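# Overview (structure and organization)
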Amino acid sequence: MQQLSEQEIVRRNALDEMKKLGINPYPQAMYEVNAYAKDILEQFPKDNTLFQEVSMAGRMMSRRIMGAASFTELKDSTGRVQLYIKRDDVCPGEDKTMYNTVFKRLLDIGDFIGIKGFVFTTQMGEITVHVTELTVLSKSLRPLPVVKEKDGQVYDAFTDPDQRYRQRYVDLVVNDPVRKIFEMRARVLRSMREFLNEKGYLEVETPILQSIPGGAAARPFITHHNALDIPLYLRIANELYLKRLIVGGYEGVYEFAKDFRNEGMDRYHNPEFTQMEMYVAYKDYFWMMETTEQMLEKIANDLHGTTKVQVGDNVIDFAAPYKRISILDAIKEKTGIDVSGMNEAELHATCQKLGIETDPSMGKGKLIDEIFGEKCEHTFIQPTFITDYPVEMSPLCKRHRENPELTERFELMVNGKELANAYTELNDPIDQRERFEEQVKLAEKGDDEAMYIDYDFLRALEYGMPPTSGMGIGIDRLTMFMTNQASIQEVILFPQMRPEIQAKVVSSSDFMVLGMPEHWASLMPEAGVAKPEDLAEIKPTVIQQTLNGLRKKKKLDVPAVQMEEIQSWIEKLK
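Described below are features of the structure shown in this document.

Each value, and the rule that gives it
- Residues numbered from 1 in each chain as written.
- Predicted model: local features only at pLDDT ≥ 70, side-chain atom pairs only at ≥ 80, totals over all residues.
- Heavy atoms only, no water.
- Helix = DSSP H or I, 4+ residues; strand = E, 2+ residues; numbered from the N terminus.
- Buried < 20%, exposed > 50% of the residue type's maximum accessible area, 1.4 Å probe, protein only.
- Contact = heavy atoms within 4.5 Å.
- Areas by Shrake-Rupley, 256 points an atom, 1.4 Å probe, with all protein chains shown as cover.
- Axes fitted to C-alpha atoms, helices over the stretch in contact; angles between N-to-C directions.
- Parallel < 35°, antiparallel > 145°, perpendicular 65-115°, else oblique.
- Left-handed = near helix turned anticlockwise from the far one by under 90°.
- Nonpolar A, V, L, I, M, F, W, Y, C, P; charged D, E, K, R; others polar.
- Polar contact = N/O pair within 3.5 Å; in protein donor to acceptor, adjacent residues only side chain to side chain.
- Core = buried A, V, L, I, M, F, W, Y, C linked by side-chain atoms within 4.5 Å.
- Pairing = 2+ DSSP bridges.
- Expected span 1.5 Å × (residues − 1).
- Arc of directions from axis to C-beta.
- Salt bridge = Lys/Arg side-chain N within 4 Å of Asp/Glu carboxyl O.

## So, the overall build of the chain
For the chain, the helix and strand inventory stands at 19 helices and 20 strands. Expressed as a percentage of the 574 residues in the chain, the buried residues total 45%. At a minimum sequence separation of 6, the contacts of the chain that also span at least 24 residues come to 64%. Of the roughly 29500 Å² of accessible surface on the chain, a fraction of 50% belongs to carbon and sulfur atoms.

## Some remarks on the packing of helix α13 (residues 429–444) against helix α14 (residues 455–463)
Two elements in contact, α13 and α14, have axes separated by 9 Å at closest approach and are oriented at 160 degrees. With respect to their mutual orientation, α13 and α14 come out roughly antiparallel. Crossing hand, α13 versus α14: right-handed. For the pair α13 and α14, contact is made by Pro429, Gln432, Arg433 and Phe436 and by Tyr455, Phe457, Leu458, Leu461 and Glu462, respectively. Residues belonging to the contact of α13 with α14 are distributed by class as follows: six nonpolar, one polar and two charged.

## Comments concerning the side chain of Gln210
Along the polypeptide, Gln210 turns up in strand β9 (residues 209–210). Assessed through its relative accessible area of 1%, Gln210 is described here as buried. For Gln210, the side chain forms a polar contact with the main-chain oxygen of Pro207, separated by 3.1 Å. If near-sequence neighbours (up to four positions away) are discounted, Gln210 is found in contact with Leu232, Tyr233, Arg235, Ala237 and Tyr241.

## Regarding the nonpolar core
Met192, Met276 and Met471 are the most contacted members of the largest nonpolar core, which totals 37 residues. Ranked by residues supplied to this core, first place goes to helix α9 (residues 285–304) with eight residues. Apart from the residues lying within four places of it in its own chain, the contact partners of Met276 are Met192, Leu196, Tyr254, Glu255, Phe256, Met295, Met471, Gly472, Ile473 and Ile475.

## Comments concerning the pairing of strand β2 (residues 69–75)
In terms of residue burial, β2 counts as a mostly covered element, since six of its seven residues are buried. Both strand β1 (residues 54–66) and β2 contribute to a ladder of seven bridges, which runs antiparallel. The residue bridging Ser62 from the neighbouring strand is Glu73, located in β2. Counting the residues that bridge the hairpin from β1 to β2 gives two residues, and of these Gly67 lies at a positive phi of roughly 75 degrees. Where β2 lies against strand β3 (residues 80–86), seven bridges are found, and the strand directions are antiparallel. Looking at the pairing, Lys75 lines up with Arg80 of β3. Two successive antiparallel strands, β2 and β3, enclose a turn made up of four residues, where Gly79 displays a positive phi of approximately 160 degrees.

## Examining the sheet that holds strand β10 (residues 222–225)
Across the sheet, which stays open at both edges, the three strands sit in the order β9-β11-β10 with antiparallel pairing between neighbours. The outermost strands of the open sheet, each flanked by one partner alone, are β9 and β10.

## Things to note about the sheet that holds strand β16 (residues 323–326)
Strands pair in a sheet through their backbones, by hydrogen bonds, and they do so in one of two ways: parallel or antiparallel. Strand order in the open sheet made by the eight strands is β8-β12-β13-β20-β19-β18-β17-β16, with mixed pairing throughout. The sheet is open, and its two edges are formed by β8 (202–203) and β16, each paired on a single side. Bridge analysis of strand β18 (residues 409–414) against strand β19 (residues 417–424) gives six bridges, and the strand direction is antiparallel. Opposite Phe410, over in β19, you have Ala422 as the bridge partner. Lying on the sheet, helix α8 (residues 239–247) is in contact with β12 (252–260), β13 (272–281), β19 and β20 (468–474); it crosses β13 at an angle near 25 degrees.

## Observations regarding the pairing of β10
Strand residues, when the strand is regular, have side chains that alternate between the two faces of the sheet. For β10 and strand β11 (residues 230–234), the ladder comprises four bridges, and the chain directions are antiparallel. Residue pairing for β11: His225 is matched across the bridge by Ile230. From the end of β10 to the start of β11, which pair antiparallel, there are four residues, and Asp229 there has a positive phi angle of about 55 degrees.

## Details of the environment of Phe103
Structurally, Phe103 can be placed in helix α4 (residues 97–106). Exposure remark for Phe103: the relative accessible area of 0% places this residue in the buried category. Taking the C-alpha atoms as reference points, Phe103 and Ile85, separated by 18 residues in sequence, lie 9.3 Å from one another. Once you skip the residues sitting within four places of it in the chain, Phe103 turns out to touch Met60, Arg63, Ile65, Ser70, Thr72, Ile85, Met98 and Leu134.

## Comments concerning the packing of helix α11 (residues 344–354) against helix α12 (residues 364–375)
At a minimum axis separation of 9 Å, α11 and α12 run at an interaxial angle of 20 degrees. As judged from the angle between their axes, α11 and α12 are roughly parallel. Between α11 and α12 lies a crossing of left-handed hand. Residue-level contacts link Glu344, Leu347, His348, Thr350, Cys351 and Leu354 of α11 to Lys364, Leu367, Ile368, Ile371 and Lys375 of α12.

## Remarks on unusual backbone geometry
With an omega of 5 degrees, the peptide bond between Phe44 and Pro45 qualifies as cis. Position of Pro45 relative to the elements: it lies in the loop between α2 (37–43) and β1. With an omega of 0 degrees, the peptide bond between Ala320 and Pro321 qualifies as cis. In this structure, Pro321 sits in the loop between β15 (314–317) and β16.

## Brief notes about α13
Taking 1.5 Å per residue, 16 residues should reach 22 Å; α13 reaches 23 Å between its end C-alpha atoms and fits that length. All buried positions along α13 are accounted for by Asp431, Gln432, Arg435, Phe436, Gln439 and Leu442. Relative to the axis of α13, the buried residues are bounded by an arc of 140 degrees and lie together on one face. Turned more than 90 degrees off the buried face of α13, the exposed positions are Ile430 and Glu444. Against α14 lie the buried residues of α13. The distance from a side-chain oxygen at the start of α13 to the backbone nitrogen of Ile430 is 3.0 Å, and the residue carrying that oxygen is Asp428.

## Here's the deal with the pattern of salt bridges
Overall, the coordinates contain 37 salt bridges when judged by the stated rule. Across the pair Asp162 and Arg166 runs a salt bridge, and its minimum N-O distance is 3.1 Å. With Asp162 and Arg166 both in helix α5 (residues 161–166) and four residues apart, the pair spans about one turn of that helix. For Asp162, a relative accessible area of 36% puts it in the partly exposed group. Here Glu183 ties to Lys180 by a salt bridge, and the two come within 3.9 Å at their closest N and O atoms. Residue Glu183 and its partner Lys180 are located together in helix α7 (residues 176–198), separated by three residues, close to a single helical turn.

Scope: geometric values only; no functional claims are made or implied.
Printed below as a string of structure tokens:
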């Protein structure tokens, strides 16, 4: 059973009354729309002829009833516009039910309505739609949060993050800036797609369920396929499948991919996230740096008309070129310690000296990564390419052409966080096999993020993969930067959260267990008593008054109950 608030009960009663009047609160027929709030407000009265016969649909968001005429506000997908509703216009005949009963009494804030009419300007200078026909399109049974504004101050705003993320549908209705964030996210994707399509690259799709979770160092989610009777993993990356397509003959491919990593959550990480990965044959990581700069410059200009974007307290300039520095030089610059050439034991000792926690399962790559992450990463505010990572950190990356101890890899740091990761891709199948085998050794030491050996991928490389460069960029994090949001949950429509704890619905039996008379027990939920223990804290007179009020409103059809009975029973409970 669902515990209903007083407003929810009122709305359900209005729903029933509409049905009795022969009005379907949820009609099946299409409602033709030919005008939108944004267009009306921007184009009227520049061109009056466009808006002589408008048909609109949306939510009713406010209402001022003034006898035979009223003003209300309609919110559609583009914005809000004022409506003027006159009784005799929407009810031209003798039957005034649609205005007097339906509009004035049975409709509520949040209900969807369709209207037909014409646009005019009121004496106060406000662009308004004069309604000549009103249609109920959908009755809302829950009231929206009522956000009030007075003298520049906002009251009762829907701002609690937990509620906003769980009920994003409400968040989008009452918080217009939130809608803008997700519209800008779509523009980020559109701009990026335009950039890649203009280069002639093919957008593809690769498996989300994989038999081997490859392409990144991360802990996967695991599931089971019943028909095949095999374990499957939600992909942690799509890299190895995209490289197979380069082997297959495509020169450039890209994918906007949902990836999943069974790791921690914070304001920069969600277990389900989106990234774009691209792979282009006959290129290297120097070319990919220039391409990444060009793409980000375009996105910033497309969204903001400038390469300079406000991110928190910083103004980030995405104009090319970006600074470049090797990871080992960055560590030396920020800590004064040269870690190049250090073995595993020396790196453990260096971490201890720097106050960085480690564990025995960490190899050279992870230790260097920890030092950089703790002491360097947050210091790179303007876009910076961190390059030339040690081989141990990059099992899928080609060795550096000048130093075989390093790889041709970069990570792009923006505002102290990684935004993109790219390689000159390893296409030597023998070297790749050895790198995978080193990952197996790390897994045997207890590293649960070490990569698996993908034998089919090795087989693909043995058929031959041309020189290739690949890059992955986090769409969620990029959207955070482009919309100036401090949390990844603000740019994901439905971020992962713990399930809501559903309140137990009380029944008469919960009270009867404690010895309450049956006729009283059945009334307790109606009186708003959530659980039997609350009775000891509630004054009997409050319960009596609540029940009397319900009976006067004909919500309860029960015999009168003597006050002494209540008092006696609650005293026993105490």
